[in-house]
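Breakdown of the fold
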Amino acid sequence: MSARDLRALNAYYTVARPVYLVGVAHEERVNLFPMDLVGAVSSGEFLLALRATSPAIELIETSRRIAMSGAPAAHLQAIYALGAQHHKSTVDLNGLTLPLARSMLFELPVLARDGLVRELSVLQIHRIGSHVLFVSRVEREAGRTEEQLAHVSGMYAERLSRKKHPVRSLA
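For the structure given in this document, a descriptive report is provided here. (Residues numbered from 1 in each chain as written. Predicted model: local features only at pLDDT ≥ 70, side-chain atom pairs only at ≥ 80, totals over all residues. Heavy atoms only, no water.)

With that settled, consider unusual backbone geometry. Despite not being glycine, Glu27 shows a phi value in the positive range, around 55 degrees. Here Glu27 shows up in the loop between β2 (20-26) and β3 (29-35). Accessibility expressed as a relative area gives 68% for Glu27, which makes it exposed. The phi angle at Arg64 is positive, at roughly 60 degrees, despite the residue not being glycine. Within the secondary structure, Arg64 sits in the loop between α2 (56-63) and β6 (65-70). (Helix = DSSP H or I, 4+ residues; strand = E, 2+ residues; numbered from the N terminus. Buried < 20%, exposed > 50% of the residue type's maximum accessible area, 1.4 Å probe, protein only.)

For the rest of this paragraph, the subject is the pattern of salt bridges. The tally for this structure, following the rule as stated, stands at 7 salt bridges. With its nearest N and O atoms 2.8 Å apart, the salt bridge here joins Arg137 to Glu139. The exposure class of Arg137 is partly exposed, given its relative accessible area of 41%. By relative accessible area, which is 33% here, Glu139 ends up partly exposed. The partner of Glu146 in a salt bridge is Arg144, and the shortest N-O contact between them spans 2.7 Å. Residue Arg144 is classed as exposed on the basis of its relative accessible area, which comes to 58%. (Salt bridge = Lys/Arg side-chain N within 4 Å of Asp/Glu carboxyl O.)

With 3 bridges joining them, strand β4 (residues 38-40) and strand β5 (residues 46-51) adopt antiparallel strand pairing. When the sheet's bridge partners are listed, Val38 is paired in β5 with Leu48. Between β4 and the antiparallel strand that follows it, β5, lie 5 residues; Gly44 among them carries a positive phi value of about 105 degrees. Relative to strand β10 (residues 131-142), β5 is paired through 6 bridges, and the arrangement is antiparallel. Across the sheet, residue Arg51 finds its bridge partner in β10, namely His131. (Pairing = 2+ DSSP bridges.)

Another aspect to go through is the nonpolar core. Core analysis: the biggest nonpolar cluster contains 20 residues, and Val22, Val24, Leu48, Leu50, Ile66, Met68 and Phe134 have the highest contact counts within it. Contributions of two or more residues to this core are made by β2, β3, β5, α2, β6, β9 (117-128) and β10. With 4 residues, α2 is the single largest residue contributor to this core. (Core = buried A, V, L, I, M, F, W, Y, C linked by side-chain atoms within 4.5 Å.)

Take the sheet that holds β10 next. One open sheet accounts for 7 strands, arranged β3-β2-β6-β9-β10-β5-β4; its pairing is antiparallel. Every interior strand has two partners, whereas the edge strands, β3 and β4, have only one. Sheet twist, expressed as the average angle between the axes of neighbouring strands with direction ignored, equals 30 degrees. Across the sheet, α2 is in contact with β2, β3, β5, β6, β9 and β10; its angle to β2 comes to roughly 65 degrees. (Axes fitted to C-alpha atoms, helices over the stretch in contact; angles between N-to-C directions. Contact = heavy atoms within 4.5 Å.)

Attention shifts here to the pairing of β10. Of the strand pairs in this sheet, β9 and β10 are connected by 11 bridges, and their pairing is antiparallel. Residue Gln124 lies in a different strand from β10, and its bridge partner there is Val135. The turn linking β9 back onto β10 is made up of 2 residues, and Gly129 within it adopts a positive phi angle of 60 degrees.

Right, here's the structure in full:
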């Protein structure tokens, strides 16, 4: 990693990265997995970066639709268990312990109840090194997730503690 890339990575990790459950589907194949490389940009688009080895990329490229649910911290273990879905080409949603529903516009898997649900149309797809970047447009967003799970770097957590704003750890 170049010094420039390392500085950019350190800058990225200076803030908390909210975790979302991403639901995708095409024909009979469906996947649901956690992600934290996401965010809105000032132009209005929403970006997601997924490892280039993920079978879910094919589902997103083909359908060009994504549904995201804010991941509640109370479901930490079940959400992390879904991390294994990154390597599966399809999953059985009936075998999952989380309460699921279908998103309003695209009928993709999302968390049930009143949390945040964001539905996205993919506008552009870029392969960049070890990741695939999806540039998307928010088609619908509703709800709010209380105590959303977020990843925080150790350096940032230490800084917050010194400033008398300690991070609550769930691990």
